[in-house]
Amino acid sequence: MKAVFLDANTLGDDVDLSPIESVTGELTKYPHTAPGEVLERIRGFDTVLVNKVVLGREHFQVCPELKTIAVVATGLNNIDQAAAKEHGVQVMNVTNYGRATVAQHTVALMLALATRLLDYDRDVRAGRWGRSDMFCLMDHPIMELEGRTLGIVGYGDLGQGVAERAAAFGMKVLLGARPGQGPGELDGYARVPLDELLPQADVLSLHCLLTDETRDLIGARELKMMKRDALLINTSRGGLVNEQALADALRAGEIGGAGFDVLTEEPPRNGNPLLADDIPNLIITPHSAWASREARQRIVGITAKNLASVSGSTK
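What counts and what doesn't
- Residues numbered from 1 in each chain as written.
- Predicted model: local features only at pLDDT ≥ 70, side-chain atom pairs only at ≥ 80, totals over all residues.
- Heavy atoms only, no water.
- Phe/Tyr/Trp six-rings, centres within 6.5 Å; stacked < 30°, edge-to-face > 60°.
- Helix = DSSP H or I, 4+ residues; strand = E, 2+ residues; numbered from the N terminus.
- Lys NZ or Arg CZ within 6 Å of the ring centre and 35° of its normal.
- Buried < 20%, exposed > 50% of the residue type's maximum accessible area, 1.4 Å probe, protein only.
- Salt bridge = Lys/Arg side-chain N within 4 Å of Asp/Glu carboxyl O.
- Right-handed = clockwise from strand over helix to strand, strands pointing away.
- Pairing = 2+ DSSP bridges.

1. So, the packing of aromatic side chains
- Here the structure, examined in full by the defined rule, presents one aromatic pair.
- Pairing Tyr-155 with Tyr-189 gives two aromatic rings, centres 6.0 Å apart and planes at 85 degrees, and the pair type is edge-to-face. A residue pair is termed long-range when its members are at least 10 positions apart, and Tyr-155 in the loop between β6 (149-153) and α7 (157-168) and Tyr-189 in strand β9 (residues 189-193) qualify at 34 residues.
- Directly above the ring of Phe-45 sits Lys-2, whose terminal nitrogen or CZ lies 5.2 Å from the centroid.
- Lying over the aromatic face of Tyr-30, Arg-41 brings its terminal NZ or CZ to 4.0 Å of the ring centre.

Written out as C-alpha cells, the structure reads:
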C-alpha cells in the first residue's frame with residue numbers, strides 16, 4: 001500500500017500516526033495541501049488520506065492507480081462519491097470516535113448559555129460587581145435545566161451521548177424526525193415531527209449530517225416556532241441553520257440563546273452573520289468540539305483498522 005496524507009496537520013502534532021504507518025508501510029505526509037497541489041501530490045499513490053481536502057472527478061480521471069480514499073473524519077462532503085464509485089475508488093470514513101468529547105462540548109455550551117456564564121464573567125471583569133449595591137448580580141436570567149425538555153435532531157452516536165448526559169440534569173428528552181423519517185420511539189424516547197418538537201423544546205441540539213434534505217433545516221419559520229427562551233445548540237454542521245435568520249431571531253428576542261461550534265464557511269474568512277458583535281447570548285467556538293487528543297487518537301486507530309481491512313494486513 002502506497003499512501004499519502006494530504007492534510008496531516010488537521011489531526012494535530014500531538015497524535016501518534018504509527019498505527020496508520022504500520023498498515024500502509026509507506027506514508028507520505030503533507031501538513032496542508034492547497035487545491036492546486038492535490039493532483040501533483042496524489043499521482044502514483046493507491047491510497048489517499050484526507051480530512052478536509054476536496055477530491056473530485058478530475059482527480060479520479062487522471063489517477064487510475066488510486067483505489068482508496070480514507071477520510072479521517074465523519075463528513076464526506078469534500079469527496080465526490082458518485083465519481084469515486086464510477087472510477088472504482090473505495091471511500092471510507094471514521095465514525096463513533098467523538099462521543100465523549102462532542103457530547104461534553106455540547107453540554108458545556110448548553111450550561112454556559114443557561115447560566116449566562118459569559119455574560120456574568122464579562123460583567124465582573126468590567127467592574128459591575130464591584131460597583132453593585134448588593135452582594136450579587138442578577139441581571140441575566142438563569143435557566144434551570146432540570147425538568148426542561150431537550151430536543152435532539154440526529155440520534156446517532158453523538159445524539160445518544162448528549163441524551164445520556166442530559167439525563168444527569170433531569171431533563172426530558174424528545175427526538176426530532178429529520179426529513180424522510182417517521183415518528184416512533186428509540187431507547188424509550190419519542191421521536192416526533194420537527195414541527196411538533198420545536199414548540200416543546202427548551203433546548204434544541206442538532207447532531208445530523210448536512211445533506212440536501214437537512215440544509216437550512218432550521219430557518220426563520222422554525223425559529224419562530226420555538227419558545228422565546230429556548231436555546232439552540234449546533235455542534236454538527238453549519239448549514240443546518242440559516243445563520244442570518246438566527247442572527248435576526250436572537251436580536252429580536254425570538255429565542256433565548258444559541259451555541260454553535262460550526263459555521264457554513266470554515267474558517268469564516270469572508271465574515272458571517274453570527275460574528276456580529278451586537279448579538280445577545282450567542283457563543284461561537286471554532287469547530288473544536290471534536291478535538292480532544294483522545295478523540296483524535298481514536299481517529300488514527302479507526303483509520304488504521306479501516307485500511308487494514310482493505311489491504312488484508314494483519315499488522
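2. Focus: the environment of Ser-18
- Relative to the helices and strands, Ser-18 is located in helix α1 (residues 18-24).
- Look at Ser-18 and you get partly exposed, because its relative accessible area is 33%.
- Each C-alpha atom, one on Ser-18 and one on Gly-301, is 9.3 Å from the other, the two residues being 283 residues apart in sequence.

3. Thoughts on the pattern of salt bridges
- For the structure shown, the criterion picks out 20 salt bridges.
- Put simply, Glu-164 and Arg-99 hold a salt bridge, and the shortest N to O gap is 2.6 Å. With Glu-164 in helix α7 and Arg-99 in helix α5 (residues 99-115), this pair connects stretches of sequence that are 65 residues apart.
- Judged by relative accessible area, which is 22%, Arg-99 ranks as partly exposed.

4. Here we look at the pairing of strand β4 (residues 68-71)
- With burial as the criterion, each face of β4 is covered, one bearing Thr-68 and Ala-70 and the other bearing Ile-69 and Val-71.
- Regarding topology, helix α3 (residues 57-62) serves as the crossover connection from strand β3 (residues 47-50) to the parallel β4, and that connection is right-handed.
- Summarising the sheet, β4 and strand β5 (residues 90-92) pair through three bridges and their orientation is parallel. Paired with Thr-68 across the bridge in β5 is Gln-90.
- The β-α-β motif built from β4, the intervening helix α4 (residues 81-86) and the parallel element β5 has right-handed crossover chirality.

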